[in-house]
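Per-entry structural report
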Amino acid sequence: MIQVAEALNIIAENSCKMPIAKIKVSKSLGYVLAEAVYSPINMPPFRQSAMDGYAFTHGDLTQFEVVSTSQAGDFLDEKIQQNQAVRIFTGAFVPDDTDTVVMQEHTTRTDNLLQIEKMPAACANVREKGEQIKKGELVFDVNTVITPAAIGFLACLGITKIKVYEKPKVAILVTGNELVPVGNKLPKGKIYESNSLMIEAALQTIGIKKTTVFKVKDSLKKTIKAVESCLAHFDVVLISGGISVGDYDYVKEALLKNGVTELFYKINQKPGKPLFFGTKENKIVFALPGNPASSLTCFYVYAFPALKKMMGFEAIHLPEMKKKINTDFKNTSGKTLFLKALYGDEKVTVLESQSSAMLNTFAVANGLIVIPHDITHVRANEEVVVLPFN
Ligand code: AMP
Ligand code: MG
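Residues numbered from 1 in each chain as written. Chains lettered and ligands numbered in written order. Predicted model: local features only at pLDDT ≥ 70, side-chain atom pairs only at ≥ 80, totals over all residues. Heavy atoms only, no water.

Hydrogen bonding along the main chain pairs the strands of a sheet, whether they run parallel or antiparallel. Taking strand neighbours across the sheet as the criterion, the six strands line up as 7-4-6-5-9-8 in an open arrangement whose pairing is mixed. The sheet is open, and its two borders are formed by strand 7 (100-103) and strand 8 (107-110), each paired with just one other strand. With direction set aside, neighbouring strand axes in the sheet form an average angle of 40°. Taken together, the three bridges between strand 5 (residues 63-70) and strand 9 (residues 113-116) define a ladder with antiparallel strand orientation. When the bridges of strand 9 are listed, Gln63 appears paired with Gln115. (Pairing = 2+ DSSP bridges. Helix = DSSP H or I, 4+ residues; strand = E, 2+ residues; numbered from the N terminus. Axes fitted to C-alpha atoms, helices over the stretch in contact; angles between N-to-C directions.)

Structure (structure tokens):
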């Protein structure tokens, strides 16, 4: 049995980045750049008006003759004299002979005669060519996470494809004779299968939208076959249940029979002690405990960083926050505890039921308090580490 920190190190060291793929910018939300991106153009590509108004050459004059119009999208290639101005609109090309735009609210106009009532500073209201980014400059460094704004920025530079780390293909394999798919009648002795839906949903929060769920009865032979087929077709295999010490827990044996290298089994923690982590070539396998709250805790604390590492993220763990716990808490277990909790701006509350079999409190929690294995007593108002997950 190992400690939490050791388990996290082993996972970080043994989860490999996915291969690189060139994908459409329009489909790249949540991916991580595998290669730096440089701008192919100046942005703006030409001097652009930042206002609806008039373009002119700044000097001593306050009166101008309006000789042309430059609408957004136009390219006005005309000679403009010192005493002339151009009617111009936001985003439009600023003619080369002019240097300043006055907003229309600061002018009066009679026919083609323009009077500037409030003179702007020289070069005001003109977005310089390349003001946002110049041709050849760095747009994003490697490892940048693609956000909606990043997609917008890439698109405005005319970039259509980028190189990213692929997202891993994930299989969820649920084990258990007692499990009935939701939507069916519940025979005596059975329960509804919920872990696969929960883990699928948790995967979606890190941008893994497509997963494939397999189900297997508690049979060694069938489990070996199911594991074999998951390993053949997926980068990550998340198994639920069958990893404890019961007579019908066949997962560990099935993994070893399939050539999976065990990197750890069992962590000094509660919930989720019987977590298994292994690899086969570049593929990783987590056998998550079947108890739903243990399963999800292990997913957030261990599978989540592994997946993020594979996807190219630099910050892979759940972010850590410090909050003041609002009651005394004793930890006599000698184990690291992950407590379902609700945090606010300053404080964090330990929720009532901490059973690993129950999801009722997890379902309303927004974080996990971490009480390290060697801390026996936390006093009310002491700061504790909270891992937010929603
Ligand atoms: P196991 O680890 O297989 O011994 O399962 C531990 C507990 O979790 C048992 O009460 C199981 O019925 C329950 N369990 C296992 N897998 C699932 C699942 N996919 N959905 C809901 N409960 C499960
Ligand atoms: Mg079971």
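The next point concerns a nonpolar patch on the surface. A surface patch of nonpolar side chains, about 350 Å² in accessible area, is lined by Val182, Leu186, Tyr192 and Leu197. Here Leu197 is to be found in helix 3 (residues 195-204). Residue classification places Leu197 among the partly exposed residues on the basis of a relative accessible area of 44%. (Patch = residues over 30% accessible without salt bridge, like charges linked within 9 Å, V, L, I, M, F, W, Y side chains within 5 Å. Areas by Shrake-Rupley, 256 points an atom, 1.4 Å probe, with all protein chains shown as cover. Salt bridge = Lys/Arg side-chain N within 4 Å of Asp/Glu carboxyl O. Buried < 20%, exposed > 50% of the residue type's maximum accessible area, 1.4 Å probe, protein only.)

The omega torsion across Met43 and Pro44 is -5°, close enough to zero to call that bond cis. Tracing the chain through its elements places Pro44 in the loop between strand 2 (37-38) and strand 3 (48-49). With an omega of 0°, the peptide bond running from Lys270 to Pro271 counts as cis. Here Pro271 shows up in the loop between strand 19 (269-270) and strand 20 (276-280). The backbone of Asn143 sits at a positive phi, close to 80°, despite the residue not being glycine. With respect to the helices and strands, the residue Asn143 is situated in the loop between strand 11 (138-140) and helix 2 (148-156).

With that settled, consider the packing of helix 1 (residues 4-14) against helix 6 (residues 292-310). Think of two packed helices as two axes; the pair is described by the angle between the axes and how far apart they sit. Between helix 1 and helix 6, whose axes approach to 9 Å, the crossing angle comes to 25°. Accordingly, the angle class assigned to the pair helix 1 and helix 6 is roughly parallel. Considering the relative orientation of helix 1 and helix 6, their crossing is right-handed. For the pair helix 1 and helix 6, the contacting residues are Val4, Ala7, Leu8, Ile11 and Ala12 in the first and Val301, Tyr302, Ala306 and Lys309 in the second. Split into classes, the residues belonging to the contact of helix 1 with helix 6 amount to eight nonpolar, no polar and one charged. (Parallel < 35°, antiparallel > 145°, perpendicular 65-115°, else oblique. Left-handed = near helix turned anticlockwise from the far one by under 90°. Contact = heavy atoms within 4.5 Å. Nonpolar A, V, L, I, M, F, W, Y, C, P; charged D, E, K, R; others polar.)

We now examine the sheet that holds strand 13 (residues 170-175). Sheet architecture is open: six strands sit in the order 16-13-17-21-20-18, paired in mixed fashion. Each edge of the open sheet is held by one strand with a lone partner, namely strand 16 (211-216) and strand 18 (261-265). For this sheet, the mean inter-axis angle between neighbouring strands, taken without regard to orientation, is 20°. Summarising the sheet, strand 13 and strand 17 (residues 236-240) pair through five bridges and their orientation is parallel.

Further remarks concern the domain arrangement of the protein chain. Parsing the protein chain into structural domains produces domain 1 (4-18 + 167-310), domain 2 (20-42 + 132-165), domain 3 (48-127) and domain 4 (321-388). Once you take the C-alpha centre of each, domain 2 and domain 4 turn out to be 40 Å apart. (Domains from an automatic or database assignment.)

Attention shifts here to helix 3. Among the residues of helix 3, those classed as buried are Asn195, Ser196, Met198, Ile199, Ala202 and Leu203. Seen along its axis, helix 3 keeps its buried residues to an arc of 160°; they face one direction. Tucked into the core, helix 3 has its buried residues touching strand 13, strand 16, strand 17, strand 21 (283-288) and helix 6. (Arc of directions from axis to C-beta.)

Now for the site of ligand 1. Taken together, 16 residues lie near ligand 1, and Glu178, Glu193, Ser194, Gly242 and Gly290 sit nearest. Taking Ser194, its main chain carries an N or O atom lying 3.0 Å from a nitrogen atom of ligand 1. Protein contact buries 77% of the 480 Å² of open area that ligand 1 shows by itself. Where the shell around ligand 1 is concerned, the elements lending two or more residues are strand 13 and strand 15 (191-192). Split into classes, the residues belonging to the shell around ligand 1 amount to five nonpolar, eight polar and three charged. (Near = heavy atom within 4 Å. Polar contact = N/O pair within 3.5 Å; in protein donor to acceptor, adjacent residues only side chain to side chain.)

What follows concerns the state of the cysteines. Under the defined criterion, the tally for this structure stands at zero disulfides. Free of any disulfide, Cys16 has its nearest cysteine sulfur in Cys230, 19 Å distant. According to the relative accessible area criterion, Cys16 is partly exposed, its value standing at 31%. With no disulfide of its own, Cys298 lies 19 Å from the sulfur of Cys230, the closest cysteine sulfur. (Disulfide = S-S within 2.5 Å.)

The next subject is the nonpolar core. Leu203, Leu238, Phe264, Phe286, Phe299 and Tyr302 are the most contacted members of the largest nonpolar core, which has 53 residues in total. Mapped onto this core, the elements with two or more residues apiece are helix 1, strand 13, helix 3, strand 17, strand 21, helix 6, strand 26 (367-371) and strand 28 (383-388). For this core, the element with the most residues is helix 6, which contributes 12 residues. Setting aside anything within four residues of it in sequence, one finds Leu203 in contact with Val170, Ile172, Ile208, Thr211, Leu238, Phe299 and Leu307. (Core = buried A, V, L, I, M, F, W, Y, C linked by side-chain atoms within 4.5 Å.)

Looking now at the pairing of strand 26. One face of the sheet, then the other: side chains in a regular strand alternate in exactly this way. In terms of residue burial, strand 26 counts as a mostly covered element, since five of its five residues are buried. In terms of strand pairing, strand 24 (residues 336-343) meets strand 26 through five bridges, oriented antiparallel. Looking across to strand 26, one finds that Ala341 is bridged to Gly367. Sheet analysis places strand 26 next to strand 28, joined by four bridges and oriented antiparallel. Across the sheet, the residue bridging to Gly367 is Pro388, located in strand 28.

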